Amino acid sequence: MEYRHPEIANVAKQLKARLKQTQDKKAVLRAPELLALIERIKTLPVGKRATFGKEVNLLKAELEKLVRESLFPKPSTLTPIDVTAPFDTNLSAEDRPKLLPAENGSRHPLMTELELILDIFARMGFTAVESRELDDDWHMFGSLNFPPGHPARDDYDTFVTDEELVAPAHTSTMQNRVLKAGKKQLDQGQPIAVVIPGRTFRNEDVDASHEHTFYQLEGVYVAKGIHAGNLAATIKAWLSNYYGREIEIKIQPFYFPFTEPSFEFAASCPFCDKKGCSVCKHSGWIELGGCGMIHPNVLKEAGIDAVKYSGFAWGFGIDRLVMLKYGIEDIRHFHSGNLKFLRQFT
Ligand SMILES: [Zn+2]
């Protein structure tokens, strides 16, 4: 571009040369020469101000464009790499394999086990509803008896988007929807019996037993006259089914805002029958999740008569269950994409 004001033309020449040499490309946009020109605009007599100002702005726009182009070269100038290629893409055309091995992939162990678990619940009369991977604050907390500012919200280390949407930290984010959808069933004398599998997200420090992304399975059951004994029996029945042997259940008091009373539940170790082994850290018991009787406020929020009906809910981590079943020592294997790990489950 040609600049008519000699002063501007001079700065343009200097800064374009600097842009080629410097590593910090953006610094050119803050160059004192450019800032001085911008400052000059104000000091000029009104008659000259417009044309001078216009050229300074043109220079600024041109420099911004040049900086952008130097930072982000046009895609067409780069040779595309197929990152999914099953061979080294640096190989020359003649060295690339002519035929590729036709090895079969495998289902992910989490999906295989999840299907098995859903199958057990289907036989127990539960329908499955998938959770979601983005939700709003009201479903994640408000509908579950966590008013804004409730201290228990801090326990969930929730990811929030710029638009104030949340990446659900528990599958309970679906409870209100499931309860509302099942309300009609209750009036017809049918219970609400739903399991909700889904991916959940927490801002965890990742290590061998903690991941930021993991699977949960929520269970919701509502009918007339339901009590904590039904809850314990349901969990016991499905776990015994899953591990293919009689499992004992232990529940102990805990606190969640959305259940009252709330419990943590542990299962007798399926590997040593409570004698103690490395899997259960020699305690004979394995903690599996939280559960409780659905808080009346949660039922009311979904329009269900909390005097007439009661119910229970639970949530447990699927990853942990699968780790226990197969003796997987590190939760990070699941999302590693490591084929050696995955092929053990073919
Ligand atoms: Zn054990």
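Residues numbered from 1 in each chain as written. Predicted model: local features only at pLDDT ≥ 70, side-chain atom pairs only at ≥ 80, totals over all residues.

Peer 1: Which residues make up the overall build of the protein, and what values do they have?
Peer 2: When its secondary structure is counted, the protein shows ten helices and nine strands. Here the C-alpha atoms of the protein give a radius of gyration of 31 Å, more than 25% beyond the 20 Å that 2.2 N^0.38 yields for 346 residues. Across its three principal directions, the C-alpha atoms of the protein cover 90 × 60 × 40 Å. Taken across its 346 residues, the protein has 28% of its residues classed as buried. Restricting the contact set of the protein to residue pairs at least 6 apart, pairs at least 24 apart contribute 65%. (Helix = DSSP H or I, 4+ residues; strand = E, 2+ residues; numbered from the N terminus. Rg over C-alpha atoms; globule rule 2.2 N^0.38 Å. Buried ≥ 20, exposed ≤ 12 C-beta atoms within 10 Å, placed from the backbone. Contact = placed C-beta atoms within 7 Å.)

Peer 1: Residue-level account of the sheet that holds strand S6 (residues 249–256), with values.
Peer 2: If you trace the seven strands from one edge of the open sheet to the other, you get S1-S4-S5-S9-S8-S7-S6, paired in mixed fashion. The sheet terminates laterally at strand S1 (127–128) and S6, the two strands that pair on one side only. Summarising the sheet, strand S4 (residues 192–201) and strand S5 (residues 213–223) pair through ten bridges and their orientation is antiparallel. Bridge pairing in S5 links Val194 to Val220. Across the face of the sheet, helix H6 (residues 175–187) comes into contact with S4, S5 and strand S9 (310–317) while running at roughly 170 degrees to S4. (Pairing = 2+ DSSP bridges. Axes fitted to C-alpha atoms, helices over the stretch in contact; angles between N-to-C directions.)

Peer 1: Give a detailed account of the environment of Ile192, specifying residues and quantitative values.
Peer 2: Position of Ile192 relative to the elements: it lies in strand S4. On the basis of neighbour count, Ile192 is assigned to the buried category, with 24 C-beta atoms found within 10 Å. Spatially, the C-alpha atoms of Ile192 and Leu144 are 17 Å apart, while their sequence positions differ by 48 residues.

Peer 1: Let's hear about the packing of helix H4 (residues 109–123) against helix H9 (residues 318–326): which residues, and what values?
Peer 2: Running from N to C, H4 and H9 point in directions that differ by 100 degrees, and their axes come no closer than 10 Å. Between H4 and H9, the crossing angle belongs to the class labelled roughly perpendicular. Each of Pro109, Leu110, Glu113 and Leu114 in H4 lies in contact with H9, whose residues at this interface are Ile318, Asp319, Val322 and Tyr326. Here the contact of H4 with H9 is built from residues that sort into six nonpolar, no polar and two charged. (Parallel < 35°, antiparallel > 145°, perpendicular 65-115°, else oblique. Nonpolar A, V, L, I, M, F, W, Y, C, P; charged D, E, K, R; others polar.)

Peer 1: Could you give me a rundown of the domain arrangement of the protein, with the residues and numbers involved?
Peer 2: When the domains of the protein are assigned, the result is domain 1 (1–102) and domain 2 (109–345). For domain 1 versus domain 2, the distance between C-alpha centres works out to 52 Å. (Domains from an automatic or database assignment.)

Peer 1: Give me the pairing of strand S7 (residues 259–268): which residues, what numbers.
Peer 2: As paired elements, S6 and S7 share seven bridges and run antiparallel to each other. Residue Lys250 lies in a different strand from S7, and its bridge partner there is Ala266. Between the end of S6 and the start of S7, which pair antiparallel, lie two residues. As paired elements, S7 and strand S8 (residues 285–294) share eight bridges and run antiparallel to each other. Bridging from a neighbouring strand, Ser262 pairs with Gly292 of S8.

Peer 1: An account of the packing of helix H2 (residues 32–43) against helix H3 (residues 46–71) is needed here, citing residue identities and associated values.
Peer 2: Taken N-terminus to C-terminus, the directions of H2 and H3 make an angle of 155 degrees; their axes are 9 Å apart at the nearest point. Considering their axes alone, H2 and H3 lie roughly antiparallel with respect to each other. Seen along the crossing, H2 lies across H3 with a hand that is left-handed. Residues Leu34, Leu37, Ile38 and Ile41 of H2 touch H3, and the partners they reach there are Arg49, Phe52, Gly53, Val56 and Lys60. Looking at side-chain class alone, the contact of H2 with H3 contains six nonpolar, one polar and two charged residues. (Left-handed = near helix turned anticlockwise from the far one by under 90°.)

Peer 1: Talk me through the nonpolar core; I want residue IDs and the actual numbers.
Peer 2: With 56 residues, the main nonpolar core has Leu179, Ile192, Val194, Val220, Val222, Ile235 and Cys291 as its most contacted residues. The dominant element in this core, judged by the number of residues it contributes, is S4, at six residues. Apart from the residues lying within four places of it in its own chain, the contact partners of Val220 are Gln175, Val178, Leu179, Ile192, Val194, Gly311 and Ala313. (Core = buried A, V, L, I, M, F, W, Y, C linked by C-beta atoms within 7 Å.)

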